[in-house]
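Here is how the chains run, residue by residue.
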Amino acid sequence: MPRNRIAQYRVSLIALCALALPALAGVSSERLARVDEFLDTYVDEQKIPGAVLQITHDGRTVYHRAAGFRDREAKAPMQPDTVFRIASMSKAVVSTAVLMLQERGALLVTQPAGDFLPEYAATRVAIAGDDRGYEVVDAARPITIRDLLTHTAGVGYGDGPAAEQWQAAGIQHWYFGHRDEPIRETVRRIGGLPMDAHPGERWVYGYNTDILGAIVEVASGTPLDRYLEAEIFAPLGMTDTSFYLPPAKADRLAVVYSRTPEGDLVLPDASTPFHGQGHYVAGPRRSFSGGAGLLSTTADYTRFLEAIRNGGGPILSRKSVELMTTDNLGDIASTFPGGGFGLGFGTVSNPGSRGLPGTVGEFYWGGAYHTSYWVDPVES
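Each chain carries its own residue numbering, running from 1 in the written order of its sequence. Selection of residues for local features in this predicted model requires a pLDDT of at least 70, selection of side-chain atom pairs for listing and counting requires 80 or more, and totals for whole chains, interfaces and linings are taken over all residues. The side-chain values count all of the structure's non-hydrogen atoms but skip hydrogen atoms and water molecules.

### Topic: the overall build of the protein
Part 1: A run of H or I in DSSP becomes a helix once it reaches four residues, and a run of E becomes a strand once it reaches two; helices and strands are each numbered from the N terminus. Scanning the protein from terminus to terminus reveals 12 helices and 14 strands.
Part 2: Throughout, radius of gyration means the C-alpha value; the globule benchmark is 2.2 Å times the number of residues raised to the power 0.38. In terms of overall dimensions, the protein is globule-like: its C-alpha atoms have a radius of gyration of 20 Å, near the 21 Å expected for 380 residues.
Part 3: The buried share of the protein, reckoned over its 380 residues, is 56%.
Part 4: By definition, residues are in contact when any of their heavy atoms lie within 4.5 Å. Summarising the internal contacts of the protein: among those between residues at least 6 apart in sequence, 71% fall at separations of at least 24. For each residue, the accessible area found with a 1.4 Å probe, counting protein chains only, is set against the maximum for its type, and the residue is called buried under 20%, exposed over 50%, and partly exposed in between.

Dropping the structure here:
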């Protein structure tokens, strides 16, 4: 495992499916010992407060270890069942829900988003000018569900040319855990704001999957939290995955740390989006952010990844999985060396261009709180 992949994590969940392990023995104990060394070194050098790493091969867990602290101030050790805020790793789960609804005939990914959310029937785009100003024009075409799945809808995180309009509307960052309103209301306001690009013009990472979460609610007639629980979490045995944490599990939640310019790990300032950790336990429990709101464990998320790796059963068909894990960007310039983006997953098409060990067909993603996963279906 490249050293720089671990160095970036502050509080880290890393769910890896299928590393290239020796075929004869199945698992190299010597190589796994190197992983132990990396984890311990980064904790000892205070590059990270703690981490949990899980590796599966041939459908079985071959490594699952916790290192360091879940809460450094309280001297609470990291445990294998520590719960993490997985942030953008929520996106793959909600994207899967969308494909499930397509299989059931409730929607088509080629449909306009406006068929479900009227405020997206005709959106606007902010075009930056030379003087740091901008003009607002009508979008060249309607946003489709597929645009949202691939992050080519032009929907950013409110930091584009019209950033002040997004801030005035109360859409300042991707942290929604504190909001005392349904995600449908937040998404309604987003639809009235100028986007960063025309649909299909370029890859823009943003609130796309939060919008998809609202579409899931409309298409299914069920709140997003209940839909995911009934259709994904329960069938896969994901008992520790949810948008808000039951109070009885509060002492399992990992603290999110920030890093000072000098490199020290500290609790984040109250003004930052990292601060609202308590909202996930004692918050309003009304804002189900499909783009960044889920909590999970390595074991739970690995169950989800294993289902996708194995062709989707029992939640999704093999053909839908193939579509999700294949680059869908087409002629749109990719921002990913050696790969692209599917329907909810980053994809690898050229490991050489990427410059990291891997396989054509690998898919991956991560979250803002430095949770990450990699899945290599070929070497599994």
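### Description of the nonpolar core
One broad trend across soluble globular proteins is that nonpolar side chains are buried collectively.
Part 1: What makes a nonpolar core is a set of buried Ala, Val, Leu, Ile, Met, Phe, Trp, Tyr and Cys residues whose side-chain atoms join them at distances within 4.5 Å. The biggest cluster of nonpolar side chains holds 88 residues, and the ones touching the most others in it are Ile215, Leu228, Ile232 and Phe304.
Part 2: In contact with Leu228, other than residues within four places in its own chain, are Val93, Val94, Ala97, Phe233 and Phe243.

### Quick look at the pairing of strand S13 (residues 363-366)
Part 1: Burial along S13 is two-sided: the residues Phe363 and Trp365 and Tyr364 and Gly366 are all buried.
Part 2: Pairing geometry for strand S12 (residues 346-348) and S13, over two bridges, is antiparallel. Within S13, the residue paired with Gly346 across the bridge is Tyr364.
Part 3: As defined by bridge partners, S13 adjoins strand S14 (residues 372-375) across four bridges and the pair is classed as antiparallel. The partner of Trp365 across the bridge, within S14, is Tyr373.
Part 4: Here S13 hands over to S14 after five residues, with His370 in that stretch at a positive phi of 70 degrees. Here a strand pair is declared whenever DSSP counts at least two bridges between the two strands.

### Overview of the packing of aromatic side chains
Part 1: For this analysis, a ring pair means two rings from Phe, Tyr or Trp (six-membered ring only for Trp) whose centres lie within 6.5 Å, classed as stacked if their planes differ by under 30 degrees, edge-to-face if by over 60, and tilted for the remaining angles. Per the stated rule, a full pass over the model turns up 21 aromatic pairs.
Part 2: For the pair Phe336 and Phe341, a centre-to-centre distance of 6.1 Å together with 25 degrees between the ring planes defines the contact as stacked. Accessibility classification places Phe336 together with Phe341 in one group, the buried group.
Part 3: Three or more aromatic residues link up through ring pairs in this structure, and these residues are Tyr157, Trp166, Phe176, Trp203, Tyr205, Tyr207, Phe336, Phe341, Tyr364 and Trp365.

### Considerations on the pattern of salt bridges
Part 1: The working definition used for a salt bridge is a side-chain nitrogen of Lys or Arg within 4 Å of a carboxyl oxygen of Asp or Glu. The tally for this structure, following the rule as stated, stands at 19 salt bridges.
Part 2: A salt bridge links Arg179 to Glu181; the shortest N-O distance between them is 3.4 Å. For the residue pair Arg179 and Glu181, the accessibility class agrees, reading buried in each case.
Part 3: The salt bridge involving Asp240 is made with Lys249; its shortest N-O contact spans 2.6 Å.
Part 4: Residue classification places Lys249 among the buried residues on the basis of a relative accessible area of 18%.
Part 5: Among the charged side chains, a salt-bridge network with shared partners connects Asp81, Asp240, Lys249 and Arg252.

### With respect to the packing of helix H3 (residues 90-103) against helix H8 (residues 224-236)
Part 1: Helix axes are fitted only over the stretch in contact, all axes being lines through C-alpha atoms; the angle between N-to-C directions runs from 0 to 180 degrees. Two elements in contact, H3 and H8, have axes separated by 11 Å at closest approach and are oriented at 75 degrees. By the angle class used here, H3 and H8 are roughly perpendicular. Together, Val93, Val94, Thr96, Ala97, Met100 and Leu101 of H3 and Leu224, Tyr227, Leu228, Glu231, Ile232 and Phe233 of H8 make up the contact between the two elements.
Part 2: The residue makeup of the contact of H3 with H8, split by class, is 10 nonpolar, one polar and one charged. Orientation is classified from the angle alone, with under 35 degrees giving roughly parallel, over 145 giving roughly antiparallel, 65 to 115 giving roughly perpendicular, and any other angle giving oblique. For this scheme, ten residues count as nonpolar: Ala, Val, Leu, Ile, Met, Phe, Trp, Tyr, Cys and Pro. Four count as charged, namely Asp, Glu, Lys and Arg, and the remainder, Gly too, count as polar.

### Considerations on the pairing of strand S3 (residues 60-71)
Part 1: Pairing of strand S2 (residues 50-57) with S3 involves eight bridges; the strand directions are antiparallel. Counterpart to Ile55 in the pairing with S3 is Tyr63.
Part 2: Counting the residues between successive antiparallel strands, the hairpin from S2 to S3 contains two residues, one of them, Asp58, with a positive phi of roughly 55 degrees.
Part 3: The pairing of S3 with strand S4 (residues 76-77) spans two bridges and is classified as antiparallel. Bridging from a neighbouring strand, Asp71 pairs with Ala76 of S4.
Part 4: Where S3 folds back on S4, the antiparallel hairpin that results is connected by four residues, among which Lys75 adopts a positive phi of roughly 55 degrees.

### Here's the deal with the side chain of Thr297
Part 1: Inspection of the secondary structure puts Thr297 in the loop between strand S10 (295-296) and helix H10 (298-309).
Part 2: Judged by its relative accessible area of 2%, Thr297 is buried.
Part 3: Here a polar contact is recorded for every N or O atom pair within 3.5 Å, except that within protein the pair must consist of a potential hydrogen donor and a potential acceptor, and residues adjacent in sequence are included only if both atoms are side-chain atoms. At a separation of 3.1 Å, a polar atom in the side chain of Thr297 contacts the main-chain amide nitrogen of Asp300.

### Looking at helix H2 (residues 29-44)
One full turn of an α-helix is made of 3.6 residues, so residues set three or four places apart face in the same direction.
Part 1: The length a helix should cover is 1.5 Å for every residue beyond the first. For H2, built from 16 residues, the straight-helix expectation of 22 Å at 1.5 Å per residue is met to within 8% by its first-to-last C-alpha distance of 22 Å.
Part 2: If you check which residues of H2 are buried, you get Leu32, Val35, Phe38, Leu39, Tyr42 and Val43. The buried residues of H2 occupy one face: seen down the axis, they fall within an arc of 125 degrees. Turned more than 90 degrees away from the buried face of H2 sit Ser29, Glu37 and Asp44, all of them exposed. The directions considered for the arc are those from the helix axis to the C-beta atoms.

### Quick look at the side chain of Asp300
Part 1: Mapped onto the elements, Asp300 comes out in helix H10.
Part 2: At 2.9 Å, the side chain of Asp300 and the side chain of Arg303 are in polar contact.
Part 3: Residues within four places of Asp300 in sequence aside, it is in contact with Gly237, Met238, Thr239, Asp240 and Thr241.

### Thoughts on the environment of Leu193
Part 1: Of note, Leu193 is situated in the loop between helix H6 (183-191) and helix H7 (208-220).
Part 2: The exposure class of Leu193 is buried, given its relative accessible area of 7%.
Part 3: Separated by 70 residues in the primary sequence, Leu193 and Thr123 place their C-alpha atoms 7.8 Å from one another.

Without other data, these values stay purely geometric and don't point to any function.
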